[in-house]
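# Tertiary structure, described
Here's the letter readout for the chains.
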Amino acid sequence: MARLLEPAHEAFLREDIAALKSLKRRGQALARLFRKNLERLVSECLAEKSLDCARRAQPYLGAWHNLKMIAVNISNLCDDFQIKIVEKIEFSHLALDHCRRLLVLADRIFQGLAEDAENGNGRNSEKTTFSCRQLIRLADHYQAEHEERLLMGICSPRAYSIFSNMLEALGSIGRYLLRLNNILNQPEIIERRQG
C-alpha cells in the first residue's frame with residue numbers, strides 16, 4: 001500500500017492515463033484482497049468460542065477495513081483525474097499545486113505508517129496523527145478556497161466539480177489513515193508486533 005501513492009503522484013504530474021489505469025487496477029486488487037481478508041477474519045471471529053479472542057481480533061478488522069477504504073478512495077481519485085485528462089479540463093496552477101501538496105503529504109504519512117508497522121515501535125505515531133489532521137484540514141481549506149473561486153467565476157463549474165471530488169477523496173484518505181494510525185498504535189497492538 002505504501003508504494004501506491006508515490007506512483008499516483010508521478011501519474012498525476014505527467015497526466016499519464018496508462019499509469020493512472022495501472023494504479024487504479026492495483027488499488028482495486030488491494031481492495032479485493034482486503035475484502036477477502038476481512039471476510040476471513042470476520043468468519044474466524046464468529047467461530048471463536050472465547051470473547052477475549054474475538055476482542056483481540058477487532059483491531060485487525062478495523063485496520064483491514066481502513067486499508068480497503070483507502071484503496072477505494074485512491075481508485076476514485078484516479079477516476080476523477082482520468083476524467084480531467086480525457087475531457088481536457090484545465091486546472092489552475094493553484095489547483096494542481098494543491099493536489100501535489102496533498103499527495104506528497106499523504107505519501108509521507110504512508111511511509112511513516114509503513115515504517116511503524118514494520119518496526120512495531122509506534123515511533124512515528126504522533127507525527128503521523130499531526131500529518132493526517134493537516135491533510136484533512138488542508139483538503140477542507142482548499143475545498144472552501146476553490147468554492148470561493150467558483151463563485152467569483154475564476155473556476156469553471158466542471159473543473160470545480162472534478163477538483164472537489166479529488167479533494168474529497170484525499171480528505172477521506174487522510175481520515176482513514178488517521179484511523180489506521182490509531183489502530184496500529186494501540187499499546188496492545190504494539191506489544192503484539194514487538195513480541
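Treat the numbers as computed from the prediction; the structure is a model and nothing was measured.

Conventions and cut-offs
- Residues numbered from 1 in each chain as written.
- Predicted model: local features only at pLDDT ≥ 70, side-chain atom pairs only at ≥ 80, totals over all residues.
- Heavy atoms only, no water.
- Helix = DSSP H or I, 4+ residues; strand = E, 2+ residues; numbered from the N terminus.
- Contact = heavy atoms within 4.5 Å.
- Areas by Shrake-Rupley, 256 points an atom, 1.4 Å probe, with all protein chains shown as cover.
- Phe/Tyr/Trp six-rings, centres within 6.5 Å; stacked < 30°, edge-to-face > 60°.
- Buried < 20%, exposed > 50% of the residue type's maximum accessible area, 1.4 Å probe, protein only.
- Lys NZ or Arg CZ within 6 Å of the ring centre and 35° of its normal.
- Polar contact = N/O pair within 3.5 Å; in protein donor to acceptor, adjacent residues only side chain to side chain.
- Salt bridge = Lys/Arg side-chain N within 4 Å of Asp/Glu carboxyl O.
- pLDDT = per-residue confidence, 0-100.

Moving on, we get to the overall build of the protein chain. Across its full length, the protein chain carries seven helices and zero strands. Walking the protein chain from its N terminus toward its C terminus, one meets helices and strands in the order α-α-α-α-α-α-α. Residue pairs at least 24 apart in sequence account for 77% of intrachain contacts in the protein chain once pairs closer than 6 positions are excluded. For the protein chain, the exposed area adds up to about 10600 Å²; of that, 52% sits on carbon and sulfur atoms.

This part is about the packing of aromatic side chains. Counted by the stated rule, this structure contains one aromatic pair. Considering the side-chain rings of Phe91 and Phe163, the 5.4 Å spacing of their centres and the 80° angle between planes classify their relative orientation as edge-to-face. Of the two residues, Phe91 sits in the loop between helix 3 (51–86) and helix 4 (93–119) while Phe163 sits in helix 6 (residues 157–184), which places them 72 residues apart along the sequence. Side by side, Phe91 and Phe163 carry an identical accessibility label, which is buried. In this structure, Lys84 packs its charged tip against the face of Phe91, placed 5.1 Å from the ring centre.

Looking now at unusual backbone geometry. Here Lys88, not a glycine, exhibits a phi torsion of approximately 55°, which is positive. Mapped onto the elements, Lys88 comes out in the loop between helix 3 and helix 4.

Residue placement: Asn181 occurs in helix 6. Of the polar contacts made by the side chain of Asn181, one reaches the backbone oxygen of Ser125; its length is 3.2 Å. In this view, Asn181 contacts Leu113, Ser125, Thr128 and Thr129; residues no more than four positions away in its chain are not counted.

Scanning the entire structure with this criterion turns up one salt bridge. Put simply, Arg158 and Glu87 hold a salt bridge, and the shortest N to O gap is 3.0 Å. Placement of the pair is Arg158 in helix 6 and Glu87 in the loop between helix 3 and helix 4, with a sequence separation of 71 residues. Given a relative accessible area of 38%, Arg158 falls into the partly exposed group.

The next point concerns the confidence of the model for the protein chain. Of the residues in the protein chain, 76% reach a pLDDT of 70 or more, and the chain-wide mean stands at 80. Averaged pLDDT values over the elements of the protein chain bottom out at 61 in helix 7 (residues 187–194) and peak at 93 in helix 5 (residues 125–151).

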